[in-house]
Amino acid sequence: MRPHLAAALILALLSLAFVAPALVPGKVLSNSDSFWFKAPWLAERPASLDRPANPEFDDAPSVLQPFTSYTIDHLPDVPLWNPHIMTGRPFLANMQSAVFSPFNLPAYLFGLWGALAWIAALKLFTAAYGTYWLGRRVGMGFAGALLAGATFGLSLWMVTWISYPH
């Protein structure tokens, strides 16, 4: 097998393995369960929830995922304006909306909730494979470039910012 194809396959499998728990039917890669611990939903919280998946991180379920959902609701038109924020705000010009991000394509094709893990896997793979190619370009051998790709692609920085579009 060609080394670049082998690297792509290995890094793709690592990326999928990283998000595998969210690829199981009925699971979602979102910490939107944090809303059950805030008013007005606190009184309706399911008894099975002891704590939110990530109590420190509410940007994705409160801003970023609704932006993607808003885009999906308006396709095939491109929403320029979001009237639901204050008295209206530019939507397409807001980089957090990521309307034209290629990573949002799975959400546009298959729906938001089922696509979140696939979007994360695509981002991890892109970072890992891009780093692999950078390593090869600057003269690293196959193993070193593959290690560099896996190290950066699955690094804490990448994983922490995986739900952000920018």
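Residues numbered from 1 in each chain as written. Predicted model: local features only at pLDDT ≥ 70, side-chain atom pairs only at ≥ 80, totals over all residues. Heavy atoms only, no water.

How should the overall build of the protein be read in this particular structure?
From N to C terminus, the protein includes six helices and two strands. Reading the protein from its N terminus to its C terminus gives the helix and strand order α-α-β-β-α-α-α-α. Expressed as lengths along the three principal axes of its C-alpha atoms, the size of the protein is roughly 55 × 40 × 25 Å. Here the protein, with 166 residues, has 34% of them falling under the buried criterion. (Helix = DSSP H or I, 4+ residues; strand = E, 2+ residues; numbered from the N terminus. Buried < 20%, exposed > 50% of the residue type's maximum accessible area, 1.4 Å probe, protein only.)

Would you mind going over the side chain of asparagine 104 with me for this structure?
Mapped onto the fold, asparagine 104 is located in the loop between β2 (89-90) and α3 (105-110). The class for asparagine 104 is buried, based on a relative accessible area of 9%. Within the structure, asparagine 104 has its side chain in polar contact with the backbone oxygen of alanine 98 (distance 2.8 Å). Those residues in contact with asparagine 104 that sit more than four places away from it in its chain are Thr68, Ser97, Ala98 and Ile119. (Polar contact = N/O pair within 3.5 Å; in protein donor to acceptor, adjacent residues only side chain to side chain. Contact = heavy atoms within 4.5 Å.)

Even after reading the chapter, I still don't get the packing of aromatic side chains, so can you show me in this structure?
The description of two aromatic rings rests on the distance between their centres and on the angle between their planes. Enumeration according to the criterion identifies ten aromatic pairs in this entry. Summarising the aromatic geometry, the rings of tyrosine 129 and tyrosine 132 are spaced 5.7 Å apart at their centres and angled 10° between planes, so their arrangement reads as stacked. Pair noted here: tyrosine 129 and tyrosine 132 are both in helix α4 (residues 112-137), with a separation of three residues, about one helical turn. Through pairs of rings, three or more aromatic residues link up here, namely Phe125, Tyr129, Tyr132, Trp133 and Phe142. (Phe/Tyr/Trp six-rings, centres within 6.5 Å; stacked < 30°, edge-to-face > 60°.)

Interpretation note: all reported values are geometric properties and have no functional meaning in isolation.
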